[in-house]
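# Architecture at a glance
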Amino acid sequence: MRVAIGVEYSGELFEGWQIQPHGRTVQNRLEQALSSVAQEPVSVVCAGRTDTGVHATAQVAHFDTTANRPLEAWVRGTNSHLPAGVSVLWAVEVDGDFHARFSAESRRYRYVLLNRRVRPAILAGRVGWIHGDLDEALMAQAAASLLGEHDFTSFRAAQCQAKSPVRMMHSIQVHRYGDVVLFDFHANAFLHHMIRNLVGALVYVGKGRQPVAWMAELLALRNRSLAAPTFAPDGLYLCGVEYPPRWPLPGGGRIIAPPQLLIPEAPCIAPESRSVV
């Protein structure tokens, strides 16, 4: 049978999602734990592979197994074999044509940026940090040029393996809550380092180093070397994966978990929004 699971993890404790020989990844530890419960080898496929230091509040994965276990065993039993920093949140049985990656219609990420003079201590590794004053209104204006379908080559890592750099950006929101600036991105899919590169460029605009129109210029130029450096992974969270309603997943197929970091009243999503706020 095929089982879909929801997973959350702290990226600072792992060297990314994807399995590596050294074993210090989320996929490594999750497969080991699931295999212990199943008493057979288990391989997992996720909705979106995250890099070292990137967190997830709503990762979705699936695996196939011949083991007959109660769904709660795939949650509590698996968690008993997992290290601190990663947990299975739920498990549901799905049809064999469900695919955590290819069945997903869109993904949502949030970047949490601490904008104050002093670096974080308690939240070190959980938020990005920039000490210069940022103008969130200018960043929101610049982000407006990213909406719609575009070639995002200027914001794509050199090692990106995606066949096409074209992505559909449904919405971007930029909000400030005191010393915290939140960037919420919703797209059909994202390229390698795409969000961190976008945040880096938006920060240049927010600091006044580049004008608002620079974002549109970068899109048109399709040249990564002309954009800002890749921003730190610390504040990046995979916080939503959306699927068609036909799948019996929590939330009617829309797996969205707002990370209540620092700003409890700030939801991860605004489904009706198609523009920058």
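Coordinates for the structure precede this section.
Structural notes, computed from the coordinates. (Residues numbered from 1 in each chain as written. Predicted model: local features only at pLDDT ≥ 70, side-chain atom pairs only at ≥ 80, totals over all residues. Heavy atoms only, no water.)

### Considerations on the nonpolar core
Filter applied, for reference: Remark: nonpolar core denotes a set of buried residues (Ala, Val, Leu, Ile, Met, Phe, Trp, Tyr, Cys) joined through side-chain atoms within 4.5 Å. Three labels apply to residues, based on accessible area from a 1.4 Å probe with only protein chains included: buried if under 20% of the type maximum, exposed if over 50%, partly exposed otherwise in between. In this description a helix means any DSSP run of H or I spanning at least four residues, a strand means any run of E spanning at least two, and both kinds are numbered starting from the N terminus.
In this structure, I5, F183, F185, Y243 and L249 are the most contacted members of the largest nonpolar core, which totals 81 residues. With nine residues, helix α4 (residues 194-206) is the largest single contributor of residues to this core. Listed in part, the six residues of the second largest apolar core include V127, V180, L182 and Y237.

### Observations regarding the layout of surface pockets
Heads up, the condition is: Only protein atoms enter the calculation, which uses a 1 Å grid: trapped sets of points that fit a 1.4 Å probe without letting it out are cavities, open sets showing protein on both sides within 12 Å along at least five of seven lines are pockets, and any residue with an atom within 4 Å of a point is a lining residue. Grid points are joined across faces, edges and corners, and a volume is the space filled by probe spheres set on the points. In this count, Pro and Cys sit with the nonpolar residues alongside Ala, Val, Leu, Ile, Met, Phe, Trp and Tyr, while Asp, Glu, Lys and Arg are called charged and the others, Gly among them, polar.
Its boundaries defined by the atoms lining it, the largest pocket holds a volume of some 1,200 Å³. Together, 38 residues line the largest pocket, and G48, R49, R101, F190 and H192 are the ones closest to its centre. Taken together, the residues that form the lining of the largest pocket break down as 18 nonpolar, 13 polar and seven charged. As a volume, the second largest pocket reaches approximately 220 Å³. As for the second largest pocket, its lining consists of twelve residues, of which E8, Y9, S10, A56 and T57 are closest to the centre. A total of three residues in the lining of the second largest pocket trace back to one element, the largest contributor, which is strand β3 (residues 55-64).

### Focus: the pairing of strand β1 (residues 2-9)
Worth spelling out the cut-off: Pairs of strands are assigned from DSSP output, requiring at least two bridges between the strands.
Counting buried residues along β1, seven of its eight residues qualify, which places the element largely inside the surrounding structure. Of the pairings in the sheet, the one linking β1 to β3 comprises seven bridges and is antiparallel in character. If you follow V7 over to β3, its bridge partner there is Q59. The sheet contact formed by β1 and strand β4 (residues 86-94) spans eight bridges and is antiparallel. The residue bridging I5 from the neighbouring strand is A91, located in β4.

In short, geometric facts, not functional conclusions.
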